[in-house]
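# Inside the fold
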Amino acid sequence: MLQAGSMAALAGCKGPLSTLDPSGPAAASIATMWWVMLIGAGVLFLLLMTLFIQVVRRPGWGSSVSPTRWIVMGGLVLPAVVLLPLLAYGLVVGERLLALPGSAPPQRIEAVAQQWTWTFRYPERGGIETRNVLLLPAGTPVDMVVTSKDVIHAFWVPRFAGKIDAVPGKVNRLRIQANEPGRYEGTCDEFCGTGHARMRFVIIVHRPEDFSAALTQATTAPEAKQ
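I will try to describe carefully the structure that is included in this document. (Residues numbered from 1 in each chain as written. Predicted model: local features only at pLDDT ≥ 70, side-chain atom pairs only at ≥ 80, totals over all residues. Heavy atoms only, no water.)

## A look at the overall build of the protein chain
Put simply, the test is: Strands are runs of DSSP state E lasting at least two residues, helices are runs of H or I lasting at least four, and both sets are numbered from the N terminus onward. The cut-offs for exposure are 20% and 50% of the maximum accessible area for each residue type, with area from a 1.4 Å probe on protein chains only; residues under the lower value are buried, those over the upper are exposed, and the others partly exposed. Residues are treated as being in contact if the distance between any of their heavy atoms lies within 4.5 Å. Calculation of accessible area relied on Shrake-Rupley with a 1.4 Å probe; when residues are assessed, cover is drawn exclusively from the protein chains displayed.
Within the protein chain one finds four helices and ten strands. Its helices and strands taken in sequence order, the protein chain reads α-α-α-β-β-β-β-β-β-β-β-β-β-α from the N to the C terminus. The buried share among the 226 residues of the protein chain stands at 35%. By sequence separation, contacts in the protein chain at least 24 residues apart represent 64% of the contacts at least 6 residues apart. Total accessible area computed for the protein chain in this model is approximately 13100 Å², and 64% of it derives from carbon and sulfur atoms.

Next comes the structure, spelled out in structure tokens:
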């Protein structure tokens, strides 16, 4: 039973929308942070369970400690020993994931959300557009400029980076990078109406030298015009 449960849990770490199967530097940082947070939470859980077991096995254990001291040590100091380092680590990693203004700007792709499709525009490639198909060059950072025409959506490619909201009248920016050529999946991660479940898109990553030709060819493909 335990083995079956473990296998089921591990199966959830794979798949086209798994954040624990990264294929980009930002996603790798997020996955590492997830594991660090999980370990930290496990350490805190074990510390609390140790205290609980001591109380159950040895009635009266700790009765010499005043209630105030229990509250301060158990409710403030003990969690802080684990949570504060995790908070600091999360802030540092989160800062590294941002597309900071001072960094060299990579190429830009515009993502426009609308119930229930995604339109991707390539302004540096003559304004070419694809529908529900995003093309990327491998090993190259890309700034996704995300907005919406109607309601709030969210652009998310779990294997490349975190998600970012697509808000009407506002432009948000997310830097992503794919390590290897291949076919990936992305989705809207914000409930946006009755068609939300089918608001997915495909990402096709090409070698940098094949990217221009692939983009030209993709604009004539049926799935790019859906």
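Having put the structure on the table, let's press on.
## What about the nonpolar core?
Put simply, the rule reads: Among buried residues, those of type Ala, Val, Leu, Ile, Met, Phe, Trp, Tyr and Cys that are joined through side-chain atoms within 4.5 Å constitute a nonpolar core.
Grouped together as the largest cluster of nonpolar side chains are 37 residues, with contacts concentrated most on Trp118, Phe120, Leu134, Met144 and Phe155. At five residues, strand β10 (residues 200-206) tops the list of elements feeding residues into this core. Once you skip the residues sitting within four places of it in the chain, Met144 turns out to touch Ile109, Ala111, Phe120, Leu134, Phe155, Asn172, Arg173, Leu174 and Ile176.

None of this, on its own, says anything about what the molecule does.
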